[in-house]
Number of protein chains: 2
Amino acid sequence: MPLPRFEKLDEARKHSILDAAAQEIAEHGFDGASYNRVIERAGISKGAMYYYFADKDDLFQTVVEGCLAQWLGEIGFPFEADDAKAFWAACHTMYERSLRFMLRDPRNAALTFDIARATGPSAKHPIVQAHHDRLRAFVDALAEQGRGVEAVRTDLPRDLLVETLLSLLETGDRWLADRWDDAMDDEDVTATATLIVGLLKRVAAPDGESSR
Amino acid sequence: MPLPRFEKLDEARKHSILDAAAQEIAEHGFDGASYNRVIERAGISKGAMYYYFADKDDLFQTVVEGCLAQWLGEIGFPFEADDAKAFWAACHTMYERSLRFMLRDPRNAALTFDIARATGPSAKHPIVQAHHDRLRAFVDALAEQGRGVEAVRTDLPRDLLVETLLSLLETGDRWLADRWDDAMDDEDVTATATLIVGLLKRVAAPDGESSR
DNA sequence: CTGGGTTCGACCGGGTGGTCTAAGAATAGG
DNA sequence: CCTATTCTTAGACCACCCGGTCGAACCCAG
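These figures come from a predicted structure and were not determined experimentally.

All names here are of chain A. In this structure the tally under the stated criterion is 34 salt bridges over all chains. Salt-bridge contacts for R107 lead to D19; the nearest nitrogen and oxygen are separated by 2.9 Å. Residue R107 is located in helix α7 (residues 106-116), and its partner D19 is located in helix α2 (residues 11-32); the two are separated by 88 residues in the primary sequence. Judged by its relative accessible area of 24%, D19 is partly exposed. Residue E27 is joined to R41 by a salt bridge in which the shortest nitrogen-to-oxygen separation is 2.7 Å. Highlighted residues: E27 in helix α2 and R41 in helix α3 (residues 35-42), separated in sequence by 14 residues. Its relative accessible area of 34% is what places E27 among the partly exposed residues. Each of E24, E27, R37 and R41 takes part in a single network of salt bridges with overlapping partners.

Structure, rendered in structure tokens:
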């Protein structure tokens, strides 16, 4: 976490620093992100940056955790669902909220998934690991709730299901990010959510209940 | 491609260089891979390396293309399939071959997918792009063949289906790589293939035909 | 002995994360 | 109002690593 001094800064300044970092990570990936470039972007001096953050990891951890927390706050989990139908409807709503968040704040939303699916060297980085664990725990809890109302199959290794769902979510996001024309209306969002949640359902629903 | 001199080297030497490079990429990712470390690993001098390869990209492109070519050669595509059942059976066989290749030569097989799913900066790299395009073309051709025998749905945007299948394949591979105890017998391979191809089927098969 | 294919490693410019000193800004006390 | 002390900023500097260059040395055939 940042040194206590950082909290005393005015909001605008804090935000501009964290935003510069988020932008850097979004552009160059977690591994490729350069502390020097963040400093340049934020328009402050090296001395100042090290006055507020202990080191590179300190800053990046703050950014990554902030993004994830915001995303989790946006989508509205946990929710109540008494049967399978209600469960999947709630999933649909959650995915819509996630999409809207992504359209509103592409950088933050994309970061959440980009970091989660990191491979190679960055995958071993503690910050990335922690992020991955938290996101996986969320999907796991979601699947568990689904199992409770027989909306989610139980015949698949639990971790395989979780990994699959995560990768599906991420693929949907990325597919969307690649071809949205930033003029998506409510109808488009709903349609896309139906598409992606439909895929999730096919994978996760018990046998014979995959059709809609 | 390597300078012509490289081809004149004895097989052992060639292999040891390419292998050192593959190992480096596998360990540090495409972006994180260091030419200097490859040189060190291969146990030759910098001068020698630059005598055989024009530059870093030249070497890495050679390695990546080699891996993909080997993988495509292993799995046995294209194949013949007159109906949906035969199509999915063939997919199962292909996936089994892919698994066996992966168990036999984990580095090469993993590379193929690791590079394909690269995000961030490396995703823009021409070598990675070319790799991604080739792999996507393969999945696309596969899906097209499936559509021809009504084994694959047509109600999904084509590119979304391709991306989804790719990410599913990759997730399966990674899931497997994480927890295999390198003492997998034929039975395990078949069971795993059934599991993963089952997921592919759920996603890709037309409505009402996802059950087995 | 010569000459060309091959190998070696010192060296280059540039970028990295991180340190540190010294000057500037602000705040306190008299 | 002036000074003394603390908080904050600035950027030169460090060691290290990167990919790439290059001239000298080596080896072996002619």
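To continue, consider the protein's contact with DNA strand C. What surrounds DNA strand C is a group of 16 residues, the closest being Y35, K46 and K56 of chain A together with Y51 and Y52 of chain B. The sugar-phosphate backbone supplies 61% of the atoms of DNA strand C found within 4 Å of the protein. Note that a phosphate oxygen of DNA strand C is positioned 2.9 Å from one of the backbone N or O atoms of Y35 of chain A. N36 of chain A is positioned with one of its backbone polar atoms (N or O) 3.1 Å from a phosphate oxygen of DNA strand C. Elements that contribute at least two residues to the surface near DNA strand C include exactly α3 and α4 (46-52) of chain A together with α4 (46-52) of chain B. Per-element tally for the surface near DNA strand C: the top contributor is α4 of chain B, with five residues. A breakdown of the residues in the surface near DNA strand C according to their chemical character gives six nonpolar, four polar and six charged.

In this section: the packing of helix α9 (residues 158-179) of chain A against helix α9 (residues 158-179) of chain B. In contact at an axis separation of 9 Å, α9 of chain A and α9 of chain B are set at 145° when each is read in the N-to-C sense. For the crossing formed where α9 of chain A meets α9 of chain B, the hand is right-handed. Residue-level contacts link D159, L160, E163, T164, S167, L168, T171, W175 and R179 of chain A of α9 of chain A to D159, L160, E163, T164, S167, L168, T171, W175 and R179 of chain B of α9 of chain B.

Right, let's get into the protein's contact with DNA strand D. As a structural note, the neighbourhood of DNA strand D is formed by 15 residues, with Y51 and Y52 of chain A together with Y35, K46 and K56 of chain B the closest of them. Sugar plus phosphate: this is where 58% of the atoms of DNA strand D within 4 Å of the protein reside. In the model, a phosphate oxygen of DNA strand D is placed 2.5 Å from a nitrogen or oxygen of the Y52 of chain A side chain. With respect to DNA strand D, the side chain of K46 of chain B contributes an N or O atom lying 2.5 Å from a base oxygen. Mapped onto the surface near DNA strand D, the elements with two or more residues apiece are α4 of chain A together with α3 (35-42) and α4 of chain B. No other element matches α4 of chain A, which puts four residues into the surface near DNA strand D. When the residues that make up the surface near DNA strand D are grouped by side-chain class, the tally is five nonpolar, four polar and six charged.

Residue and element names in this part refer to chain A. Applying the stated criterion across every chain yields a total of 22 aromatic pairs over all chains. On the basis of an interplanar angle of 85° and a centroid distance of 5.6 Å, the ring pair of W71 and F138 is categorised as edge-to-face. Residue W71 is found in helix α5 (residues 56-75), and its partner F138 is found in helix α8 (residues 126-148); the two are separated by 67 residues along the sequence. Of the two residues, W71 and F138, both sit in the buried class. Members of the aromatic cluster, connected to one another through ring pairs, are W71, F77, F79, F87, W88, F113 and F138. Between the NZ or CZ atom of R5 and the centre of the ring of Y51, over which it lies, the distance is 3.9 Å.

For the pair chain A and chain B, the relating rotation is 180°, the translation along its axis is 0.0 Å, and the fit reaches an RMSD of 0.1 Å. Expressed as a symmetry operation, the mapping of one chain copy onto the other fits a two-fold axis. Closest approach to the rotation axis among the C-alpha atoms of chain A is made by R202 of chain A, whose C-alpha sits 2.8 Å away. A high fraction, 100%, of the interface residues of chain A reappear at the interface in chain B, so the copies pair face to face through one surface.

Taken together, the 30 residues of chain A in the interface contact 30 residues of chain B. Between chain A and chain B, a total of about 2,900 Å² is buried, with carbon and sulfur atoms accounting for 56% of that surface. Note that D207 of chain B and R202 of chain A form a salt bridge whose closest N and O atoms lie 2.8 Å from each other. For the interface between chain A and chain B, the tally reads 10 residue pairs in polar contact (both at pLDDT 80 or more). Contributing elements (two or more residues each) for the side of chain A that touches chain B: α2, α9 and α10 (186-204) of chain A. Considering every element that reaches the side of chain A that touches chain B, the biggest residue donor is α9 of chain A, with nine residues.

Note on interface size: it is often stated as the accessible area lost on association of the parts. Residue and element names in this part refer to chain A. According to the domain assignment, chain A consists of domain 1 (4-60) and domain 2 (64-204). Each of domain 1 and domain 2 has a C-alpha centre, and these two points are 27 Å apart. Between domain 1 and domain 2, the residue contacts involve nine residues of the former and 10 residues of the latter. Across the domain 1 to domain 2 interface the summed buried area is about 870 Å²; carbon plus sulfur atoms make up 65%. At the boundary of domain 1 with domain 2, the tally comes to one salt bridge. Linking domain 1 with domain 2 are three residue pairs in polar contact (both at pLDDT 80 or more). Those elements giving two or more residues to the side of domain 1 that touches domain 2 turn out to be α2 and α5. Counting residues per element, the side of domain 1 that touches domain 2 draws most heavily on α2, at seven residues. Of the residues belonging to the side of domain 1 that touches domain 2, the class tally is five nonpolar, one polar and three charged.

Conventions we followed
Residues numbered from 1 in each chain as written. Chains lettered and ligands numbered in written order. Predicted model: local features only at pLDDT ≥ 70, side-chain atom pairs only at ≥ 80, totals over all residues. Heavy atoms only, no water. Salt bridge = Lys/Arg side-chain N within 4 Å of Asp/Glu carboxyl O. Helix = DSSP H or I, 4+ residues; strand = E, 2+ residues; numbered from the N terminus. Buried < 20%, exposed > 50% of the residue type's maximum accessible area, 1.4 Å probe, protein only. Near = heavy atom within 4 Å. Polar contact = N/O pair within 3.5 Å; in protein donor to acceptor, adjacent residues only side chain to side chain. Nonpolar A, V, L, I, M, F, W, Y, C, P; charged D, E, K, R; others polar. Axes fitted to C-alpha atoms, helices over the stretch in contact; angles between N-to-C directions. Left-handed = near helix turned anticlockwise from the far one by under 90°. Contact = heavy atoms within 4.5 Å. Phe/Tyr/Trp six-rings, centres within 6.5 Å; stacked < 30°, edge-to-face > 60°. Lys NZ or Arg CZ within 6 Å of the ring centre and 35° of its normal. Least-squares fit on C-alpha atoms with pLDDT ≥ 70 in both. Buried area = accessible area lost by both parts, 1.4 Å probe. Domains from an automatic or database assignment.

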